Amino acid sequence: MAANKTRTSGFSRNFSGTTSSQTPGIKSGPNGTIFVSSGIPDLDKILGGGFPLGSLVMVMEDAEAPHHMLLLRNFMSQGLVHNQPLLYASPAKDPRGFLGTLPSPVLSKENKSRKDDPEQDKGLRIAWQYKKYFGEDQHIHRDAKQEFCNDFDLRKPLERQFLSGRRVDCVSFQKISNIATLQDHCSTFLAQFRRNDGNISGVGRLAIQSLCAPQCEYSNMEWEMLSFIRSLKGMLQSSYAVAVITFPPSLLSPSSSKRWQHMADTLLSVKAIPVRCMPLVFGPSSHRMIVADEDKELAQLLTGYQDMVGLLNVHKVARMNTQVPVILEATTFSIKLQKRRFLVLECLNQAPIDGSSGSSYGTTASCSGSSSKTGTLDF
């Protein structure tokens, strides 16, 4: 009698023999889905594991602030930490210069206690200085290789050893005459990650910033750009790669913007909090007083408002190998900088009576208005 085989649904691919331990930076999910990390631990929890291989992630930008770059930086850094090839396309003249702004991974949670010991910190700094004399494989954090998703320090740039010797391809929109050239770059890049026998030998990441930016010569060719997105999505479905595209919906017609959003497997949007920035922009003191009052009202309404830098909305979550809809506990999250260094996502909660701040997504939080004296809840 033949040996029993693992049952898979009719929508799933066979990934037998492939485990997350064999290929760094991937994780197995339900129905044969394989995830790569977004580079933000809280976002991975929200999405149920991360970005599925073969999926297209689209992020709607906000014209008030470049918060989409926070998501893009962490996504790119996480791939480089796991030695995953990267294709980065940008409207900037020198997109390779953007790599110098990528954040650096920090120590694992188990080793964060070392920061309190000055002697150990001194030893780590000395050892860090001598890393350049060793081979490239010894440059990489052991913790960074083992962890599926790292915490990244936004104030510390990614070190050069994470960029040297890796396949990082940068493309400038200003040097591309038509969208077909960008499609050829993506096709050549994805050709090395095609799904053949089910064994994952490598994973690729694409990061395309502001696809319809005015710097692009094809920025007015909305139909051609839509055809490119459709073609890219088809190429991703047959490859072990993930693509993240950011775009400003305000530069598109409403119909084109809706079509772009429909093409995404995972759709996110970011929003700034302009109220806090208005006193720095507008001159009259009367306006400043009004804005300050509104700022105080929001601070009383939301937990940890002073640490908020923006909002993240989850409009769609990728459904790979299944027809079961994904139901989220919440769709709007606050973007915060913990200790002004680490990117944290939190559910929007009403502030408790004592004004204490909320907790990160996925952690337990106490009910607002709870009384410690009586032990009862006051709603």
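An unreviewed UniProt entry annotates the chain as Elongator complex protein 4 of Tripterygium wilfordii. Entered under Sequence similarities (unreviewed entry) in the UniProt record, the comment concerning the chain runs "Belongs to the ELP4 family." The UniProt entry for the chain carries this comment under Pathway (unreviewed entry): "tRNA modification; 5-methoxycarbonylmethyl-2-thiouridine-tRNA biosynthesis."

### Looking at the pairing of strand β14 (residues 342-347)
Burial analysis of β14 places five of its six residues in the buried class, the great majority of the element. Inspection of the sheet shows strand β13 (residues 332-338) paired to β14 by six bridges, in the antiparallel sense. Each bridged residue has a counterpart across the sheet, and for F333 the counterpart in β14 is C347. Remark: three residues form the turn of the hairpin made by β13 and β14, two consecutive strands paired antiparallel; K339 in that turn has positive phi of roughly 55 degrees.

### Topic: the pattern of salt bridges
This structure, assessed with the given rule, holds four salt bridges. Taking the shortest distance from any N to any O, the salt bridge between E346 and K336 comes out at 2.7 Å. With E346 in strand β14 and K336 in strand β13, the pair connects residues that are ten residues apart, well separated along the chain. Assessed through its relative accessible area of 8%, E346 is described here as buried.

### Topic: the confidence of the model for the chain
Low-pLDDT stretches of the model should not have their predicted coordinates read in fine detail. Mean pLDDT for the chain: 76, with 66% of residues reaching 70 or above. Confidence drops under a pLDDT of 50 for residues 1-20, and excluding neighbours within four residues, the segment shows 25 contacts in the predicted structure. Note that pLDDT drops below 50 for residues 276-292; the model gives that stretch twelve contacts with residues more than four away or on any other chain.

### Regarding helix α5 (residues 179-190)
Spanning twelve residues, α5 covers 17 Å between terminal C-alpha atoms, matching the ideal 16 Å at 1.5 Å per step. Of all the positions in α5, only I179, L182, C186, F189 and L190 are classed as buried. Seen from one end, α5 has its buried residues packed into an arc of 95 degrees, which puts them on one side. Along its buried surface, α5 packs onto β5 (86-90), β9 (204-208), α6 (222-237) and β10 (241-247). The N-capping residue of α5, defined by a side-chain oxygen 3.2 Å from the backbone nitrogen of A180, is N178.

### Remarks on the sheet that holds strand β3 (residues 51-52)
Strand pairing in a sheet relies on backbone hydrogen bonds. The paired strands run either parallel or antiparallel. An order of β1-β2-β3 is seen for the three strands of this open sheet, with the pairing classed as antiparallel. Sheet topology places β1 (26-28) and β3 at the edges, where each strand pairs with a single neighbour. Two elements, β1 and strand β2 (residues 34-36), share three bridges in a ladder whose sense is antiparallel. The partner of S28 across the bridge, within β2, is I34.

Quick notes on the rules
Note that residues are indexed from 1 along each chain, following the sequence as it is written. Only residues with pLDDT of at least 70 are given local features in this predicted model, and only at 80 or more are side-chain atom pairs given and counted; all residues enter the totals for whole chains, interfaces and linings. With hydrogens and water excluded, all non-hydrogen atoms of the structure serve as input to the side-chain values. UniProt positions are given in the numbering used here, feature names are shortened, and annotations may be inferred rather than shown by experiment. Exposed residues in this analysis have more than 50% of their type's maximum accessible area, buried residues have under 20%, and partly exposed residues fall in between, with area computed by a 1.4 Å probe over protein chains only. Numbered from the N terminus, helices here are DSSP runs of H or I no shorter than four residues, and strands are runs of E no shorter than two. For two strands to be treated as a pair, DSSP must find at least two bridges joining them. Whenever a carboxyl oxygen of Asp or Glu lies within 4 Å of a side-chain nitrogen of Lys or Arg, that contact is scored as a salt bridge. The pLDDT value expresses, per residue, how confident the predictor is, ranging between 0 and 100. Working rule for contacts: check all heavy atoms of both residues, and any pair within 4.5 Å makes them a contact. Multiplying one less than the number of residues by 1.5 Å gives the expected span of a helix. Each direction from the helix axis to a C-beta atom contributes to the arc, which is the arc of those directions. In protein, a polar contact means a hydrogen-donor-capable atom and an acceptor-capable atom, both N or O and within 3.5 Å, with residues adjacent in sequence counting only if both atoms are side-chain atoms; elsewhere, any N or O pair within 3.5 Å suffices.

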